[in-house]
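These are the residues of each chain, in order.
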Amino acid sequence: MMTQENNIVGDEERNPVLVDEYDIVDENNHLVVANHRMRAMIKMVNLKKILCWTFIVIFAFVVGRLSSSKGGSKIATNSRAATLGRSSGGVLVTGATGRTGSRLYHELKNRGVVNVKAMVRDVQKAKEVLKCEKCDETEGVYVGDVTLAEDLERILSAADVTTLAIAVGATPSMSTEMQRSVEFDSVVNSVKALLLGNNNNNNKDLRVVLCSTIGTATTPAPAWSGDIEFWKLNAEAFLSTSGVSSTIIVKPCGLVDTPGHNSTLLVGHNDEFMKDKSRITISRDDVARVMAEAVVMEDSSNQHYRFDLCSKPGKSTEDLTALIQSSKWGF
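These numbers were taken from a predicted model, which means no experiment stands behind them. (Residues numbered from 1 in each chain as written. Predicted model: local features only at pLDDT ≥ 70, side-chain atom pairs only at ≥ 80, totals over all residues. Heavy atoms only, no water.)

Participant: What is the right way to read the overall build of the chain from this model?
Facilitator: For the chain, the count of helices and strands is 9 helices and 13 strands. Buried positions account for 44% of the 331 residues belonging to the chain. In the structure as shown, the chain presents an accessible area of about 17700 Å², 55% of it carried by carbon and sulfur atoms. (Helix = DSSP H or I, 4+ residues; strand = E, 2+ residues; numbered from the N terminus. Buried < 20%, exposed > 50% of the residue type's maximum accessible area, 1.4 Å probe, protein only. Areas by Shrake-Rupley, 256 points an atom, 1.4 Å probe, with all protein chains shown as cover.)

Right under this line is the structure:
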């Protein structure tokens, strides 16, 4: 490597003789390169290196972004996906042993979301459905009845929860009083308990994801459904005015137990999908995927979403954040 001031090739520095503006020779006719030419060459080499590394960095960044966008339905590699990005609090799934709630619980676990908790009524059923061993508070499983306000207050005060995922649901066979208790009163009491349990942070980091139903904009409700749709709509209205900083209300079409990832998902408003009989069902797996995305998605702080969720035959929808965001009104 040439390090001497005049970049002379040889054993020692000699007095050079200028031949032209580019080359010089020493007294022994050894051709050497002028300082300014060598420096120009070095600068050119360094510039090429810089450009090469810049290209590598940009390429790596683009590949990383594409990889994360393709995995939209999976756990995102960001702080919120791992820790809900707001505090050390976790997410509590109510109705966690139900057909939709259990899928949501497992979806969150499979995504790697930390601090996932479940509220259940029956420990034995929890062992079968949630695959827990002890199925107690040491495993994040809390036993209680959503129709009892004191149970909700006890669990939400002890569980360190900042996100509430409500997947409870009444059945038409229940009395109208029990339908109200499950669909409306339990939502009010669980949200109230969440707010009271997090009063120290002014509720700024709280989120509620509610599974409601399509059909609440259509009257009269089917006779077989009792008062379920009425109380679900009232629960939506309450949640929208509760003061929780982030709310996502998912209103699925008819729920079926077919595998997810097999349909194109659709979002809309005001029961518009009920006019097309081919679009009035959706897999519970896909509902759980969308609700899980609503739990972890980054941009929902101080934003509120409410949308019908249906499906149609076609390519599986994987970018679920974009799907949820597309439900915003276009005005």
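Participant: Is there a simple way to explain the state of the cysteines in this structure?
Facilitator: Every disulfide links exactly two cysteines, by a covalent bond between their sulfur atoms. As enumerated under the stated definition, the model contains 2 disulfides in all. A sulfur-sulfur distance of 1.8 Å marks the disulfide that ties Cys-132 to Cys-135. Note on the Cys-132 and Cys-135 pair: the S-S dihedral is about 95°, so by sign convention the disulfide is right-handed. Classification of Cys-135 as buried rests on a relative accessible area of 2%. Here Cys-253 connects covalently by a disulfide to Cys-310, the sulfurs 1.5 Å from one another. Linking Cys-253 in the loop between strand S9 (246-252) and strand S10 (254-256) with Cys-310 in strand S13 (residues 304-313), this pair joins segments that are 57 residues apart in sequence. (Disulfide = S-S within 2.5 Å.)

Participant: Is there a simple way to think about helix H3 (residues 99-110) in this case?
Facilitator: A turn of α-helix holds 3.6 residues, and therefore any two residues three or four places apart point the same way. Given a rise of 1.5 Å per residue, 12 residues ought to cover 16 Å, and the 17 Å separating the end C-alpha atoms of H3 matches this to within 8%. Buried within H3 we find Thr-100, Gly-101, Ser-102, Leu-104, Tyr-105, Glu-107 and Leu-108. Looking at the buried positions of H3, the neighbouring elements they touch are strand S4 (90-94), strand S5 (116-120), helix H4 (123-129), strand S7 (161-166), S10 and helix H8 (284-296). Positive phi shows up at Gly-112, right after H3, with a value of about 90°. (Expected span 1.5 Å × (residues − 1). Contact = heavy atoms within 4.5 Å.)

Participant: Got a minute to help me understand helix H7 (residues 228-240) in this structure?
Facilitator: In this model, H7 (13 residues) spans 18 Å end to end at C-alpha, consistent with the 18 Å of a helix rising 1.5 Å per residue. Taken together, the buried positions of H7 are occupied by Ile-228, Glu-229, Trp-231, Lys-232, Ala-235, Glu-236 and Leu-239. Angularly, the buried residues of H7 cover 165° about the axis, an arc narrow enough to put them on a single face. On its buried face, H7 is in contact with helix H6 (176-197), strand S8 (207-211), S9 and S13. (Arc of directions from axis to C-beta.)

Participant: Can you help me understand the packing of helix H5 (residues 149-158) against H6 in this one?
Facilitator: Two measures define how a pair of helices packs: the angle their axes make with one another and the distance between the axes. Where H5 contacts H6, the axes come no closer than 9 Å and their chain directions differ by 30°. Compared by their axis directions, H5 and H6 come out roughly parallel. Crossing of H5 against H6: the hand is right-handed. Contacts between H5 and H6 involve Ala-149, Leu-152, Glu-153 and Leu-156 from the first element and Ser-186, Asn-189, Ser-190, Ala-193 and Leu-194 from the second. (Axes fitted to C-alpha atoms, helices over the stretch in contact; angles between N-to-C directions. Parallel < 35°, antiparallel > 145°, perpendicular 65-115°, else oblique. Left-handed = near helix turned anticlockwise from the far one by under 90°.)

Participant: Would you take a moment to explain the nonpolar core for this structure?
Facilitator: Soluble globular proteins: nonpolar side chains tend toward being buried together. Formed by 43 residues in total, the largest nonpolar core has its most connected members in Leu-104, Leu-108, Leu-130, Val-290, Phe-307 and Leu-309. In this structure, Leu-309 is in contact with Val-250, Lys-251, Pro-252, Cys-253, Leu-265, Leu-266, Val-267, Ile-282, Val-287, Val-290 and Leu-323, ignoring residues within four places of it in sequence. Residues Leu-92, Val-146, Leu-194 and Leu-239 belong to the second largest nonpolar core, which totals 29 residues. (Core = buried A, V, L, I, M, F, W, Y, C linked by side-chain atoms within 4.5 Å.)

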